[in-house]
Amino acid sequence: MREFITTIGSRETPADICNIMSLIGARLQNKYILRSGGAIGADKAFEKNVKPENKYIYTVENFDYSQENYDFVYSELLSIWDKDLNFDLYGKTSQILLLRDINQVLGSRKTSLEKSKFLICYTKHERYYEIGKNRVGGSRIAIRCALKHGIKVHNLVNPETLKTVKTWLNIV
């Protein structure tokens, strides 16, 4: 059975990074099943050249609304959530988008409850997941979830990570 990886990032990912993400997705699809969120920017770039059978896109429409999955992802979310933020004040769609970010990293009862081997992303700055300014967002939740579960995070905003990836793709 193939392993899973999580591919996420900013809706404002620069075009040159999106091009690299498309190459990454194409290259990894034969070894891994990509989990993504279908958002414009990084998500769409990773998914672009990946065959449908090699990816699972978690959206509001296909979210597993079963009580079992909801309880699972809600519990995970609360374990990494900033305690001074009130989740209940978010609209229903925003809540589901944040909850599905947990599924992107850990899977769901509907697809597979196997955690991702690693997470690859692009965020505006390297420590985007920490408490502080700009502390809400799907990438932040997914990165925090990955780190909590010992899943390696590769952020393309890091110059060394980007250099390594470019070398691996032979585009140095």
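What you see is a predicted model, and the numbers here were worked out from it, not measured in a lab.

Asks: Describe the overall build of the protein chain, listing the residues and the values that go with them.
Replies: Along the backbone of the protein chain there are six helices and five strands. Ordering the α and β elements of the protein chain from the N terminus gives β-α-β-α-β-α-α-β-α-β-α. A compact globule built from 172 residues should have a C-alpha radius of gyration of about 16 Å, and the protein chain, at 15 Å, falls within 12% of that. Summarising its shape, the C-alpha atoms of the protein chain cover approximately 45 × 35 × 25 Å along the three principal directions. On the protein chain, roughly 8,700 Å² of surface is accessible, and the fraction owed to carbon and sulfur atoms is 53%. Once the 26 positive and 19 negative side-chain charges of the protein chain are each reduced to a mean point, those two points are 4 Å apart.

Asks: Explain the state of the cysteines to me, using residue names and the numbers behind them.
Replies: Two cysteines joined by a covalent bond between their sulfur atoms form a disulfide. If you walk through the whole model with that rule in mind, you get zero disulfides. Free cysteine: Cys121, not disulfide-bonded; nearest cysteine sulfur from Cys18 at 13 Å.

Asks: Mind laying out the sheet that holds strand E5 (residues 152-155), listing which residues take part and the relevant values?
Replies: Here we have five strands laid out as an open sheet, ordered E3-E2-E1-E4-E5, and parallel in their pairing. Each having just a single partner strand, strand E3 (55-57) and E5 make up the two edges of the open sheet. The average undirected angle you get between the axes of adjacent strands in this sheet is 20°. Summarising the sheet, strand E2 (residues 32-36) and E3 pair through three bridges and their orientation is parallel. The residue bridging Arg35 from the neighbouring strand is Tyr56, located in E3.

Asks: How would you summarise helix H3 (residues 67-80) if you had to cite specific residues and measurements?
Replies: In an α-helix, one turn spans 3.6 residues, which is why side chains three or four residues apart end up on the same side. Here H3 is 14 residues long and its end C-alpha atoms lie 20 Å apart, about the 20 Å a rise of 1.5 Å per residue gives. Those residues of H3 not exposed but buried are Asn69, Tyr70, Phe72, Val73, Glu76, Leu77 and Ile80. Seen along its axis, H3 keeps its buried residues to an arc of 165°; they face one direction. Exposed residues on H3 whose side chains face more than 90 degrees from its buried face are Gln67 and Glu68. The inward-facing, buried residues of H3 abut helix H4 (92-106) and helix H5 (138-148).

Asks: Any details on the side chain of Asp43? Residues and values, ideally.
Replies: With respect to the element layout, Asp43 can be found in helix H2 (residues 42-47). Buried charge without a salt bridge: Asp43, with Arg100 as the nearest opposite-charge side chain at an N-O distance of 5.0 Å. Residues within four places of Asp43 in sequence aside, it is in contact with Thr7, Ile8, Gly9, Ser36, Gly37 and Gly38.

Asks: Tell me about the nonpolar core, and please be specific about residues and values.
Replies: Core analysis: the largest hydrophobic core is formed by 24 residues, its most contacted members being Leu99, Ile102, Val105 and Leu119. At the level of secondary structure, the elements contributing two or more residues to this core comprise H3, H4, strand E4 (118-122) and H5. Sequence-distant contacts of Leu119, that is, excluding residues within four places in its chain, are made with Thr6, Ile8, Val105, Ala142, Ile143, Ala146, Ile151, Lys152, Val153 and His154. The next biggest cluster of nonpolar side chains, apart from the first, holds 20 residues, and it includes Ile120, Tyr122, Leu156 and Leu169.

Asks: Residues and numbers for the pattern of salt bridges, please.
Replies: Inspection of every chain in the model, using the stated rule, returns four salt bridges. The partner of Lys124 in a salt bridge is Glu12, and the shortest N-O contact between them spans 3.1 Å. One end of the pair, Lys124, is in the loop between E4 and H5; the other, Glu12, is in the loop between strand E1 (3-9) and helix H1 (15-28), and 112 residues separate them in sequence. In this structure, Lys124 and Glu12 share a single accessibility class: exposed.

Asks: Help me get a handle on the packing of aromatic side chains, residues and values and all.
Replies: The geometry of an aromatic ring pair comes down to the distance between the two centres and the angle between the two planes. Counted according to the given criterion, the structure contains eight aromatic pairs. With a centroid separation of 5.4 Å and 85° between ring planes, the pair formed by Tyr32 and Phe118 is classed as edge-to-face. Taken together, the positions of Tyr32 in strand E2 and Phe118 in strand E4 put the pair 86 residues apart, joining distant regions of the chain. Feature note: the residues Tyr70, Tyr74, Trp81, Phe87 and Tyr90 constitute an aromatic cluster, connected by ring pairs. Sitting over the ring of Trp168, Arg27 keeps its end group 4.4 Å from the ring centre.

About the cut-offs
- Along each chain, residue indices are assigned from 1 in the same order as the chain's sequence is written.
- Thresholds applied to this predicted model are a pLDDT of at least 70 for local features of residues and 80 or more for the giving and counting of side-chain atom pairs; totals over whole chains, interfaces and linings are not thresholded and use all residues.
- Note that the side-chain values use all heavy atoms of the structure and ignore hydrogens as well as water.
- Numbering of helices and strands runs from the N terminus; a helix is a DSSP stretch of H or I covering at least four residues, while a strand is a stretch of E covering at least two.
- Put simply, the radius of gyration uses C-alpha atoms, and a globule should come to 2.2 Å times the residue count raised to 0.38.
- Each accessible area value is a Shrake-Rupley result obtained with a 1.4 Å probe; residue values ignore everything except the protein chains displayed when judging cover.
- Positive charge is attributed to Lys and Arg, negative charge to Asp and Glu, and no charge count is given to His or to the chain ends.
- Here the site of a charge means atom NZ of a Lys, CZ of an Arg, CG of an Asp or CD of a Glu.
- When the sulfur atoms of two cysteines come within 2.5 Å, that pair is taken as a disulfide.
- Each pair of strands is called paired provided DSSP finds at least two bridges between the two strands.
- Fitted lines through C-alpha atoms serve as axes, helices being fitted only where they are in contact, and the angles separating the N-to-C directions of these axes extend from 0 to 180 degrees.
- Expected helix span is given by 1.5 Å per residue-to-residue step, counting one fewer step than there are residues.
- The buried label applies to any residue whose accessible area, calculated with a 1.4 Å probe on protein chains only, is under 20% of its type's maximum; exposed applies above 50%, and partly exposed to all values in between.
- The directions from the helix axis to the C-beta atoms are what the arc is built from.
- Two residues form a contact once any of their heavy atoms are found within 4.5 Å.
- The salt bridge criterion pairs a side-chain nitrogen of Lys or Arg with a carboxyl oxygen of Asp or Glu, the two atoms within 4 Å.
- We call a set of buried Ala, Val, Leu, Ile, Met, Phe, Trp, Tyr and Cys residues a nonpolar core when their side-chain atoms join them within 4.5 Å.
- Two aromatic rings from Phe, Tyr or Trp, using only the six-membered ring of Trp, form a pair when their centres are within 6.5 Å; if the ring planes differ by under 30 degrees the pair is stacked, by over 60 it is edge-to-face, and anything between is tilted.
- A ring is scored as having a charge over it whenever the NZ atom of a lysine or the CZ atom of an arginine sits within 6 Å of its centre and within 35 degrees of its normal.

Everything listed here is a matter of geometry and, on its own, says nothing about what the molecule does.
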